[in-house]
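Spelled out from the first residue to the last, the chains are:
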Amino acid sequence: MREGGSLAETLESRLAQWSGRTGIRVEIWALPSSDAPAPIARAVLAVLDDALANVERHSGAGTVSIAVTVGRGGLRMTVSDHGRGFNLGPTGPGIDRMRAAFAAVGGTVSVNSVLGEGTTVTGVVPRRGDRER
């Protein structure tokens, strides 16, 4: 994360830079109103980078929608496009990296895609107390 910046500020900056570079519009549905612990914030940024790289390289989408929230239940992240979509089969290195990044902080990543309709990447990191129940 940027020096002294919150996760929300870092996300906004990174998304604006990516959109400016790629020409793909970013809709921000939600950004966290509170910060996440540094390891979780780093995982969010790593997954975001991989998800956006996939949107840029493969989706053909003109818009990507992003939501990252932090609440009592933990952190939830969604990256969704209305691009080409793909058949879910064996995962590639990008999806494996995303899953590993969230697994390292106790979370999960799921990928849903429909041909011709787009792809959604969802990551969830429950609060530590919620994981222990």
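Up top is the structure.
These numbers were taken from a predicted model, which means no experiment stands behind them.

A. Local environment of the sheet that holds strand β4 (residues 108-114). Read from one edge of the open sheet, 5 strands run β1-β2-β3-β5-β4, paired in mixed fashion. Each end of this open sheet is capped by a strand with a single partner; those strands are β1 (25-30) and β4. Adjacent strand axes in the sheet meet at a mean angle of 15 degrees, parallel and antiparallel pairs treated alike. Two elements, β4 and strand β5 (residues 118-126), share 7 bridges in a ladder whose sense is antiparallel. Among the inter-strand pairings, T108 is bridged to a residue of β5, identified as V124. Across the sheet, helix α1 (residues 7-22) lies against β1, β2 (63-71) and β3 (74-81), angled at about 160 degrees from β1, the strand it touches most. Of the strands in this sheet, β3, β4 and β5 are in contact with helix α3 (residues 93-103), which crosses β4 at around 150 degrees.

What counts, and where the lines are drawn
- Residues numbered from 1 in each chain as written.
- Predicted model: local features only at pLDDT ≥ 70, side-chain atom pairs only at ≥ 80, totals over all residues.
- Heavy atoms only, no water.
- Pairing = 2+ DSSP bridges.
- Helix = DSSP H or I, 4+ residues; strand = E, 2+ residues; numbered from the N terminus.
- Axes fitted to C-alpha atoms, helices over the stretch in contact; angles between N-to-C directions.
- Contact = heavy atoms within 4.5 Å.

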